[in-house]
Amino acid sequence: MATRRPPSPGKVLAGIEGNRDITRGYLDERNLLQPQDDLSGGRPPVTRYRAYRSLLQDDRVGTSFRQRRSALIGRSTEVRPGGDATIDRKAADFVRDAVVEALPWDRICNLMLFGTFYGLSVAECVWMRDGAHVVPEKILVRDRGRFAFGGADGSELRLVTPGATVRGETMPERKFWVVASGGDHDDEPYGLGLGWETYWPVFLKRQGVTQWADLLDRFARPIPVGHYQREADIDAVYQAVEAVRDGRGAAIPASASIDLLEALKSGRTDYRDWLDVWNRAITLTLIGQTMTTEDGSSRSQAEVHWQVRRDIVQADDDLLADTLRAQVLSWLIEWNYPGAAVPRIRRVLDDPPDTHALSERDLRIWRMGWAPTGDYIGDTYDIEVTPRRIDPAAPGPGGPGESTDFAAEGPAERPLAQQAADAVDPLIARWPAELSRPLAAAATLAEWRDGLTGAGQGVDIAPAAEALAEALAAARLAGMYDVWTEAEEDTSFADVDGVRLGFAEQIAFFREKLNLGTNAWTDIWEAQHDRSFVVAGAARDDLVADLKGAVEAAISDGETLETFRARFDEIVERHGWAYKGDRLWRTRVIYNTNIATSYSAGRWTQANAVTDQRPYWRYRHSPASEVPRPDHETWDGLILRADDPWWLTHWPPNGWGCQCWVETLSMRDMERHDLAVSEPPPMGWHDVTVGPADSRRTVRVPAGVDAGFGYAPGASREAA
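Residues numbered from 1 in each chain as written. Predicted model: local features only at pLDDT ≥ 70, side-chain atom pairs only at ≥ 80, totals over all residues. Heavy atoms only, no water.

1. Some words on the overall build of the chain
Piece 1. If you tally the helices and strands in the chain, you get 25 helices and 20 strands.
Piece 2. Burial status across the chain gives 39% buried among its 720 residues.
Piece 3. Considering only contacts within the chain whose residues lie at least 6 apart along the sequence, 67% involve residues at least 24 apart. (Helix = DSSP H or I, 4+ residues; strand = E, 2+ residues; numbered from the N terminus. Buried < 20%, exposed > 50% of the residue type's maximum accessible area, 1.4 Å probe, protein only. Contact = heavy atoms within 4.5 Å.)

2. Digging into helix 4 (residues 105-112)
Within an α-helix, residues lying three or four positions from one another point in the same direction, as the helix has 3.6 residues per turn.
Piece 1. For helix 4, the full list of buried residues reads Trp 105, Ile 108, Cys 109 and Met 112. Down the axis of helix 4, the sector holding all buried residues measures 95 degrees, keeping them to one side. (Arc of directions from axis to C-beta.)

3. Some details on the nonpolar core
Piece 1. Counting residues in hydrophobic clusters, the biggest one holds 39 residues, and the most contacted among them are Val 95, Val 99, Trp 105, Trp 177, Leu 320, Val 328 and Ile 345.
Piece 2. Listing elements by their share of this core, those giving two or more residues are helix 2 (59-73), helix 3 (86-101), helix 4, strand 3 (120-130), strand 4 (133-142), strand 8 (176-180) and helix 11 (310-336).
Piece 3. Sorting elements by how many residues they give to this core places helix 11 first, with nine residues.
Piece 4. Leave out the neighbours within four places in its chain, and Val 99 touches Trp 105, Pro 136, Leu 332 and Ile 345.
Piece 5. Counting residues in hydrophobic clusters, the runner-up holds 29 residues, among them Tyr 52, Val 122, Val 160 and Met 171. (Core = buried A, V, L, I, M, F, W, Y, C linked by side-chain atoms within 4.5 Å.)

4. Focus on the packing of aromatic side chains
Piece 1. One pass over the structure, following the stated rule, counts 31 aromatic pairs.
Piece 2. Consider the rings of Tyr 199 and Trp 200, whose centres lie 5.2 Å apart with planes at 90 degrees: the pair is edge-to-face.
Piece 3. According to the relative accessible area criterion, Tyr 199 is partly exposed, its value standing at 21%.
Piece 4. Site record: aromatic cluster; members linked through ring pairs are Trp 604, Trp 617, Tyr 619, Trp 635, Trp 646, Trp 647 and Trp 651.
Piece 5. Looking at Lys 548, its charged tip hangs above the ring of Phe 510, at a distance of 5.8 Å from the centre. (Phe/Tyr/Trp six-rings, centres within 6.5 Å; stacked < 30°, edge-to-face > 60°. Lys NZ or Arg CZ within 6 Å of the ring centre and 35° of its normal.)

5. A few points about the pattern of salt bridges
Piece 1. Counting across every chain of the model gives 29 salt bridges.
Piece 2. For Arg 540, the salt bridge is made with Asp 542, and the minimal N-O distance between the two is 3.7 Å.
Piece 3. On the basis of relative accessible area, Arg 540 is assigned to the partly exposed category, the value being 38%.
Piece 4. Residue Asp 542 is classed as partly exposed on the basis of its relative accessible area of 41%.
Piece 5. Connected through salt bridges with shared partners, the residues Arg 618, Arg 620, Asp 636 and Glu 663 form a single ionic network. (Salt bridge = Lys/Arg side-chain N within 4 Å of Asp/Glu carboxyl O.)

6. What to know about the packing of helix 2 against helix 11
Two packed helices can be described by the angle between their axes and the distance between those axes.
Piece 1. At a minimum axis separation of 9 Å, helix 2 and helix 11 run at an interaxial angle of 70 degrees. One finds that helix 2 runs roughly perpendicular with respect to helix 11. Crossing handedness for the pair helix 2 and helix 11: right-handed. Every residue of helix 11 that contacts helix 2 at Arg 68, Ala 71 and Leu 72 is listed here: Ile 312, Val 313, Asp 316, Asp 317 and Leu 320.
Piece 2. For the contact of helix 2 with helix 11, the residue count by class is five nonpolar, no polar and three charged. (Axes fitted to C-alpha atoms, helices over the stretch in contact; angles between N-to-C directions. Parallel < 35°, antiparallel > 145°, perpendicular 65-115°, else oblique. Left-handed = near helix turned anticlockwise from the far one by under 90°. Nonpolar A, V, L, I, M, F, W, Y, C, P; charged D, E, K, R; others polar.)

7. Here we look at empty space enclosed by the protein
Rolled over the atoms, a probe sized like a water molecule indicates the empty space that remains.
Piece 1. Tallied over the full model, the rule gives three cavities of 30 Å³ or more.
Piece 2. Lining the largest cavity are Leu 72, Thr 77, Trp 105, Cys 109, Trp 177, Asp 317, Leu 320, Ala 321, Leu 324, Ile 345, Arg 346 and Arg 347.
Piece 3. If one sorts the elements of the lining of the largest cavity by residue count, helix 11 sits on top with four residues.
Piece 4. A breakdown of the residues in the lining of the largest cavity according to their chemical character gives eight nonpolar, one polar and three charged. (1 Å grid on protein atoms, 1.4 Å probe; cavity = no way out; pocket = protein on both sides within 12 Å on 5 of 7 lines; lining within 4 Å. Points joined across faces, edges and corners; volume = space filled by probe spheres on them.)

8. Re unusual backbone geometry
Piece 1. That bond from Pro 652 to Pro 653 is cis: its omega, 5 degrees, falls within 30 degrees of zero.
Piece 2. Structurally, the position occupied by Pro 653 is in the loop between helix 23 (647-650) and strand 18 (661-665).
Piece 3. With a phi close to 45 degrees, Glu 526 is a non-glycine residue in the positive phi region.
Piece 4. If you trace the backbone, Glu 526 turns up in the loop between strand 14 (514-515) and strand 15 (532-533).
Piece 5. A relative accessible area of 15% means that Glu 526 is categorised as buried.
Piece 6. Of note in the backbone geometry, Asp 674 takes a positive phi value of approximately 55 degrees without being a glycine.
Piece 7. Its location among the elements puts Asp 674 in the loop between helix 24 (667-672) and strand 19 (686-690).

9. Let's talk about the confidence of the model for the chain
Piece 1. Looking at the chain, the pLDDT average stands at 77 and 70% of residues meet or exceed 70.
Piece 2. Within the model, the stretch residues 388-414 combines pLDDT values under 50 with 54 contacts to residues more than four positions away or in other chains.
Piece 3. Under a pLDDT of 50 for its full length, residues 480-502 has, in the predicted model, 27 contacts with residues more than four places off or in other chains. (pLDDT = per-residue confidence, 0-100.)

10. Quick notes on the sheet that holds strand 8
Piece 1. Spatial ordering of the open sheet is given by 4-3-8, a layout of three strands whose pairing is antiparallel. Of all the strands in the sheet, the pair left with one neighbour each is strand 4 and strand 8. Strand-to-strand twist of the sheet, defined as the mean angle between neighbouring strand axes without regard to direction, takes the value 25 degrees. (Pairing = 2+ DSSP bridges.)

11. What about the pairing of strand 3?
Piece 1. Two elements, strand 3 and strand 8, share five bridges in a ladder whose sense is antiparallel. Following the sheet pairing, Val 122 is matched in strand 8 by Val 178.
Piece 2. Strand direction decides the pairing type here: strand 3 and strand 4, joined by nine bridges, are antiparallel. Opposite Met 128, over in strand 4, you have Val 135 as the bridge partner.
Piece 3. Hairpin connection from strand 3 to strand 4: two residues lie between these consecutive antiparallel strands, with Gly 131 at a positive phi of about 70 degrees.

12. Overview of the environment of Asp 569
Piece 1. As for its placement among the helices and strands, Asp 569 is situated in helix 20 (residues 561-575).
Piece 2. Note on Asp 569: relative accessible area 31%, which makes it partly exposed.
Piece 3. Each C-alpha atom, one on Asp 569 and one on Arg 583, is 9.0 Å from the other, the two residues being 14 residues apart in sequence.

13. Observations concerning the sheet that holds strand 1 (residues 32-33)
Piece 1. Overall, antiparallel pairing links the four strands, which are arranged 1-5-6-7 in an open sheet. One side of each edge strand has no neighbouring strand; the edge strands of this open sheet are strand 1 and strand 7 (164-170).
Piece 2. Where strand 1 meets strand 5 (residues 147-150), two bridges bridge the pair, whose relative direction is antiparallel. Considered in strand 5, the bridge of Leu 33 is made with Phe 149.

14. A word on helix 19 (residues 541-557)
Piece 1. Here helix 19 contains 17 residues, and its C-alpha end-to-end distance of 24 Å stays within 8% of the 24 Å for a straight helix at 1.5 Å per residue.
Piece 2. Buried within helix 19 are the following residues: Leu 543, Val 544, Leu 547, Lys 548, Ala 550, Val 551, Ala 553, Ala 554 and Ile 555.
Piece 3. Residues of helix 19 that are buried sit in contact with helix 18 (504-511), strand 14, strand 15, helix 20 and helix 21 (583-609).
Piece 4. Among the residues trailing helix 19, Gly 558 stands out with phi positive, at a value near 65 degrees. (Expected span 1.5 Å × (residues − 1).)

15. Notes on the packing of helix 19 against helix 20
Piece 1. Their axes nearest at 10 Å, the elements helix 19 and helix 20 cross at an angle of 170 degrees. Overall, the two elements helix 19 and helix 20 adopt an arrangement that is roughly antiparallel. Mapping the contact onto sequence places Asp 542, Leu 543, Asp 546, Leu 547, Ala 550, Val 551 and Ala 553 in helix 19 and Phe 564, Arg 567, Phe 568, Ile 571, Arg 574 and His 575 in helix 20.
Piece 2. Its residues assigned to classes, the contact of helix 19 with helix 20 comprises eight nonpolar, one polar and four charged.

16. Description of the environment of Ala 123
Piece 1. Within the fold, Ala 123 resides in strand 3.
Piece 2. Each C-alpha atom of the pair Ala 123 and Leu 111 lies 9.2 Å from the other, and the pair is 12 residues apart in sequence.
Piece 3. Discounting residues that sit within four places of it in the chain, Ala 123 has contacts with Met 112, Ile 139, Leu 140, Val 141, Arg 142, Lys 175, Phe 176 and Trp 177.

Here's what the structure looks like:
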């Protein structure tokens with residue numbers, strides 16, 4: 001019986017060497033491999049990509065491809081270790097310092113992404129010694145038209161020079177980062193890019209321009225028609241018609257005349273329809289959707305901020321990350337950290353989880369009787385946890401039998417009224433017992449009266465009076481503070497004549513806030529934020545002032561979240577602030593909430609300034625919301641008058657991360673678009689208990705609005 005032998009390890013049977021590729025012409029290792037691209041194949045390398053380069057001059061191609069690159073380059077970069085060993089982490093740190101931090105990494109990636117359009121990108125690595133390490137001094141992205149492939153199997157990178165146009169100069173190994181994109185098999189080292197896919201849509205679009213110009217020439221100008229009565233006048237009339245058509249004067253016999261015949265176009269299809277077909281085809285090819293290129297005048301474009309479909313961005317990131325890891329990073333690790341797993345450079349495409357929302361969800365699960373495991377809490381909130389005994393009888397956030405320590409933030413100041421009660425109640429708690437003792441011992445009403453008088457004289461009311469006096473003093477100071485903030489408030493808002501104001505209103509709203517120290521986010525509630533800047537857990541004046549300065553810079557100068565995080569880290573280190581929560585989540589909440597509410601307050605000022613001209617407001621739900629709220633989607637398109645009280649509780653943002661907005665409408669807008677005022681939705685008031693265990697409060701909020709967001713930012717200032 002014949003023995004079935006396993007195939008020889010590493011043996012390739014279907015390679016293209018030795019002229020085994022029947023789909024190509026004769027391949028000699030002395031010559032260059034020709035690409036199988038039917039549009040650029042056969043051309044010299046220097047002219048091979050000219051047809052595709054000209055496509056980028058098309059407005060739709062250039063804009064869409066720029067969006068695609070920006071969607072990836074706009075994300076932050078991270079370096080992930082290839083394994084869990086110490087040497088793996090050291091190798092990742094080395095790559096982060098030597099590549100991502102030391103080089104203009106975003107620019108390099110942006111240029112390499114053109115490989116997805118042309119099919120090929122080539123970057124030259126310029127190596128140097130840095131102490132004991134070999135590091136890239138530069139990574140220079142070269143013109144792909146200068147390179148070709150050759151060799152026995154067509155995989156050898158060669159540089160085409162004036163002295164080597166047929167064979168090219170063979171490039172050394174471990175020198176070039178090569179990215180080939182597209183194509184449907186591995187026998188094509190040149191790739192097949194998006195330019196190949198968009199070539200014919202752009203070609204047909206441009207052909208339509210010529211046809212449309214001919215159509216305009218035919219139908220836009222009237223045709224001169226000559227009329228004659230005598231045969232002898234034919235030549236003279238014809239010459240006159242030619243002269244009129246050429247724009248010259250003409251003389252005709254008295255018995256003849258010339259009329260201008262206007263050609264009328266019929267039918268519903270025009271060049272715009274033709275243009276739209278090919279523009280949509282181009283956009284779908286490049287970024288997989290059309291919203292960000294076709295709705296240029298809508299707010300959704302600003303909200304989406306040129307985002308493209310995540311799967312396409314992920315594919316581009318995978319292409320760069322995989323080829324970089326297989327080539328450049330593998331060389332660096334072999335030279336500098338032999339034996340270490342090769343790390344991976346990736347773009348962060350997922351936003352960090354909203355731990356506040358997760359904690360609210362986990363609290364609901366806790367109240368249903370289910371306890372999260374310690375591993376889950378540690379992994380989700382990035383904190384160390386230890387088992388603790390829970391007293392079943394202890395009152396919890398949802399009633400008896402629940403722990404009050406779940407999601408607690410630590411000691412916090414209570415509101416003034418509660419502080420007064422905490423100070424006075426224990427002191428007067430024994431008074432009823434002291435006063436009721438004579439009643440129990442008295443046999444007659446007179447005895448009880450005499451005993452009550454004596455008991456009252458024995459009660460020490462001095463401590464309670466002192467505590468109550470301190471509480472009243474605190475209340476008086478709080479009242480003076482309110483009066484002071486009202487007096488300091490600048491209510492002289494700029495007027496507008498039917499036009500949108502500049503966004504000085506947003507900046508002014510935030511700058512006029514006074515700094516307050518707090519221990520929990522529930523200490524200051526809703527409209528109180530119009531006058532106060534607070535950060536939960538920041539109680540010292542100097543700390544709050546520095547945090548406000550960082551947020552103000554972000555608002556005034558348009559600084560990014562990453563820039564704010566750098567300022568935040570410096571402030572935390574300088575003040576030694578031990579804030580609670582994950583850094584990414586905490587900074588995102590401070591940054592997004594303050595920018596969103598100040599923006600909303602500025603828009604409130606602007607909208608109210610033009611109510612004479614634009615008395616209607618329309619609620620809009622943002623398509624950028626990754627987890628849309630059903631109520632907010634229901635309100636999309638809702639139109640109410642500007643003075644409808646519904647806006648006082650539903651002016652966006654209406655929750656954590658809410659990106660809804662309001663647009664103003666004039667009477668002309670209503671008539672032109674056949675719009676009508678809507679019925680205000682039902683409020684659906686319900687009670688919600690929020691806050692940590694020692695600063696908890698129960699509040700009424702409308703349906704669909706998160707607790708703490710049931711107010712219109714800036715409205716309290718307008719009303720003052």
